[in-house]
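# Summary of the model geometry
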Amino acid sequence: KILHPWLTKKVHFNKTHKLPPGPPRWPIVGNLLQLGPLPHRDLATLCEKYGPLVYLKLGNVSAITTNDPDMIREILVRQDDIFASRPRTRAAAHLAYNCGDVALAPLGPRWKRMRRICMEHLLTTKRLELFAKHRAQEAQHMVQDVLGRAQTGQPVNLREVLGAFSMNNVTRMLLGKQYFGAGTAGPQEAMEFMHITHELFWLLGLIYLGDYLPIWRWVDPYGCEKKMRQVEKRVDDFHERIIEEHKKAKERRDKMGEEEGEMDFVDVLLSLPGEDGKEHMDDVEIKALIQDMIAAATDTSSVTNEWAMAEVVKHPRVLRKVQDELDRVVGPTRMASESDLPHLPYLRCIVRETFRMHPAGPFLIPHESIRPTTINGYYIPAGTRVFINTHGLGRNPTVWGRDDIEDFYPERHWPSDGARVEISHGSDFKILPFSAGKRRCPGAPLGLVFVLLGLARLFHAFDWAPPEGIRAEEMDTQEVYGMTMPKAKPLFAVAKPRLPPHLYL
Ligand code: HEM
């Protein structure tokens, strides 16, 4: 008798059912109590002890974790169809329009459609080129911002500077607004916008116990779900206002017979047809997409830039070397621009090394399996949460050797064959800044421009040193865990202009 292949697989699972190795667990809570405030480090320690694929039980949820390139390739490439879904967390339900966005949506036709809209209408090469002039303006604003702060004689708060650079770039492209600096949307709206995006990030990054222990939701001792509902309402009001403004502006233009000017992302989304023959996309879909883009694009690039600056200020040798490269390629008569970026291999090594040591997504965005499978002969149940530990991957001694894992050493990425320095995972999967497979980051090219352009300008236009009284090697590089993984304390450094004064005007 011939069995359907799926059934044979099922029989096979039932016979073996051997889970990957993992630490012993408590009743009810499982391994939850073994995770501290830096769970990426805890999970890496477990991989060191139990092997490249570790099984955990977080409350009533099955989970696996890995920091190994072969396992990662198996999960994200070979078994992509099985592992490319997302868990329906409470934060995703409240803060991503009931998982109706791209980044937190489970695998399915809705996710596919929203992702296609991103790829075909928002993040196209043509549209990104269209905004290149705004990015150049924002880079110049950033340089002026640093100069202004440097002239006070105080160390520059680089978290503020880089946060404003990312946020302005993103909101100009998405919403047609700037929130920081001259000619902006207004201080009150800017403050409100900053405040709600920070709360949103914090809640999205939280490991909320109610996702693992349903009983916790009844008690919710820290009022997390209440907070989620409050932020959900405020974020929705904000998006509602943005959409209304755009609709009114369009009506005005139509009435006056004016040409459509430069279209931001909201304009583009308002011009697209909806599902099932509807004339327009639903407002909720537009809000979900806009919110996704803001969340995915701002923090990732500003956190990466702050880490790169922190490591370079900590290593003056690296600063001198990248400035030599910039002086050679860009020269002293102009500022660095986007067209220089492919010709700055050492800067690209700095960014690769930054992603190795401080990946913006320490667990990517957690994936979830949609049906049972096996990896390396181990059984993985359906609905298993997957923590790909990119922080652990960058410090895995079997990948990087044991000696200098904790050293910031960009030269380790210098290609011996003179090839271009790529800043994606490559076939060896040694770093994974933008992930791989179906869920890989659709904004990687844009994110890289934000990072490379920002850094090129700052290293070329200024000399950098630690605040007075702190030696370079004492600069702190402690992280905090979150959806992205920022430095625990904001970076302060002393800036000194190094180009002719008229270039800063
Ligand atoms: C340096 C900057 C950036 C970094 C390091 C980064 C990194 C990532 C990572 C690690 C993921 C998760 C992939 C996974 O779960 O497998 C992701 C997803 C995503 N990113 Fe980025 N990203 C950056 C910039 C951007 C930008 C500029 C945009 C858009 C404007 C963007 C849009 C998205 C979206 C929509 C997703 C969800 C994809 C999906 O679930 O299908 N990202 N990104």
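Residues numbered from 1 in each chain as written. Predicted model: local features only at pLDDT ≥ 70, side-chain atom pairs only at ≥ 80, totals over all residues.

### Remarks on the overall build of the protein
- The helix and strand tally for the protein stands at 19 helices and nine strands.
- In terms of overall size, the protein behaves like a compact globule, its C-alpha atoms giving a radius of gyration of 24 Å where 505 residues would be expected to give roughly 23 Å.
- Expressed as a percentage of the 505 residues in the protein, the buried residues total 42%.
- For the protein, restricting intrachain contacts to residue pairs at least 6 apart in sequence, the fraction spanning at least 24 positions comes to 73%. (Helix = DSSP H or I, 4+ residues; strand = E, 2+ residues; numbered from the N terminus. Rg over C-alpha atoms; globule rule 2.2 N^0.38 Å. Buried ≥ 20, exposed ≤ 12 C-beta atoms within 10 Å, placed from the backbone. Contact = placed C-beta atoms within 7 Å.)

### Thoughts on the packing of helix 12 (residues 224-256) against helix 14 (residues 283-314)
- Their axes nearest at 10 Å, the elements helix 12 and helix 14 cross at an angle of 110 degrees. With respect to helix 14, the axis of helix 12 lies roughly perpendicular. Here Val-235, Asp-236, His-239 and Ile-243 of helix 12 lie close against helix 14, whose contacting residues are Asp-283, Ile-286, Lys-287, Ile-290 and Gln-291.
- Tallied by class, the residues present in the contact of helix 12 with helix 14 amount to four nonpolar, two polar and three charged. (Axes fitted to C-alpha atoms, helices over the stretch in contact; angles between N-to-C directions. Parallel < 35°, antiparallel > 145°, perpendicular 65-115°, else oblique. Nonpolar A, V, L, I, M, F, W, Y, C, P; charged D, E, K, R; others polar.)

### Section: the pairing of strand 1 (residues 54-58)
- Most of strand 1 is tucked away, with four of its five residues classed as buried.
- As defined by bridge partners, strand 1 adjoins strand 2 (residues 61-66) across five bridges and the pair is classed as antiparallel. Note that in strand 2 the partner of Lys-57 across the bridge is Ser-62.
- Where strand 1 folds back on strand 2, the antiparallel hairpin that results is connected by two residues, among which Gly-59 adopts a positive phi of roughly 60 degrees. (Pairing = 2+ DSSP bridges.)

### A closer look at the site of the ligand
- With respect to spatial proximity, 26 residues lie near the ligand, and among them Ala-296, Ser-435, Cys-441, Gly-443 and Gly-447 are the closest.
- Put simply, the parts of the chain that give the shell around the ligand at least two residues each are helix 6 (109-122), helix 14 and helix 19 (444-461).
- When residues in the shell around the ligand are grouped by element, the largest group, seven residues, is from helix 14.
- Class assignment for the residues of the shell around the ligand results in 15 nonpolar, seven polar and four charged. (Near = placed C-beta within 6 Å.)

### Focus: the environment of Glu-353
- Looking at the element boundaries, Glu-353 is found in helix 16 (residues 345-357).
- Considering only alpha carbons, one finds Glu-353 and Phe-408, 55 residues apart in sequence, at a separation of 6.8 Å.
- When neighbours within four sequence positions are excluded, Glu-353 is seen to be in contact with Phe-408, Tyr-409, Pro-410, Arg-412 and His-413.

### Focus on the UniProt feature "binding site: heme" (unreviewed entry) in the protein
- The UniProt record annotates "binding site: heme" (unreviewed entry) at Cys-441.
- Within the fold, Cys-441 resides in the loop between helix 18 (397-400) and helix 19.
- The class for Cys-441 is buried, based on 23 C-beta atoms found within 10 Å. (UniProt positions renumbered as here; feature names shortened; annotations may be inferred.)

### Structural notes on the sheet that holds strand 7 (residues 385-388)
- The sheet built from four strands is open, its strands ordered 1-2-7-4 with mixed pairing. Where the open sheet ends on each side, the last strands, each with one partner, are strand 1 and strand 4 (367-368).
- Taken strand by strand, helix 2 (residues 39-50) contacts strand 1, strand 2 and strand 7, and its axis lies near 75 degrees from that of strand 2.

### Here we look at the sheet that holds strand 9 (residues 492-497)
- If you trace the three strands from one edge of the open sheet to the other, you get 3-9-8, paired in antiparallel fashion. Of all the strands in the sheet, just strand 3 (156-157) and strand 8 (462-465) have a single pairing partner and so form its edges.
- Sheet analysis places strand 3 next to strand 9, joined by two bridges and oriented antiparallel. For Asn-157, the partnering residue across the bridge sits in strand 9 and is Phe-492.

### A word on the UniProt feature "transmembrane region" (unreviewed entry) in the protein
- The feature "transmembrane region" (unreviewed entry), as given by UniProt, occupies residues 200-219 in the numbering adopted here.
- Measuring from the first to the last C-alpha atom of residues 200-219 gives 22 Å, for a span that is 60% helix and 0% strand.

### Side note on the pairing of strand 2
- Sheet topology note: the strand 2/strand 7 ladder contains four bridges and is parallel. Bridge pairing in strand 7 links Thr-66 to Ile-388.

### Here we look at the nonpolar core
- Ranked by size, the top nonpolar core spans 123 residues in total, and within it Leu-95, Leu-174, Met-309 and Ala-456 carry the most contacts.
- A per-element tally of this core places helix 14 first, with 16 residues. (Core = buried A, V, L, I, M, F, W, Y, C linked by C-beta atoms within 7 Å.)

### With respect to the packing of helix 8 (residues 132-150) against helix 19
- Relative to each other, helix 8 and helix 19 sit at 40 degrees, their axes nearing to 10 Å. As judged from the angle between their axes, helix 8 and helix 19 are oblique. Handedness of the helix 8/helix 19 crossing: right-handed. Contacts between helix 8 and helix 19 involve Arg-135, Ala-139, Met-142, Val-143 and Val-146 from the former and Val-449, Leu-453, Gly-454, Arg-457, Leu-458 and Ala-461 from the latter.
- For the contact of helix 8 with helix 19, the class distribution of residues is eight nonpolar, one polar and two charged. (Left-handed = near helix turned anticlockwise from the far one by under 90°.)

### Quick look at the confidence of the model for the protein
- Averaged over all residues, the pLDDT of the protein is 91; the fraction at 70 or higher stands at 94%.
- Interface confidence for the predicted complex, expressed as ipTM, amounts to 0.99; the pTM equals 0.93. (pLDDT = per-residue confidence, 0-100.)

### A look at unusual backbone geometry
- Despite not being glycine, Cys-99 has its phi angle at roughly 60 degrees, a positive value.
- With respect to the helices, strands and loops of the structure, Cys-99 is situated in the loop between helix 5 (90-95) and helix 6.
- In this structure, Ser-435 takes a positive phi of about 65 degrees despite not being glycine.
- For Ser-435, the position within the fold is in the loop between helix 18 and helix 19.
- The class of Ser-435 is buried, set by 21 C-beta atoms lying within 10 Å.

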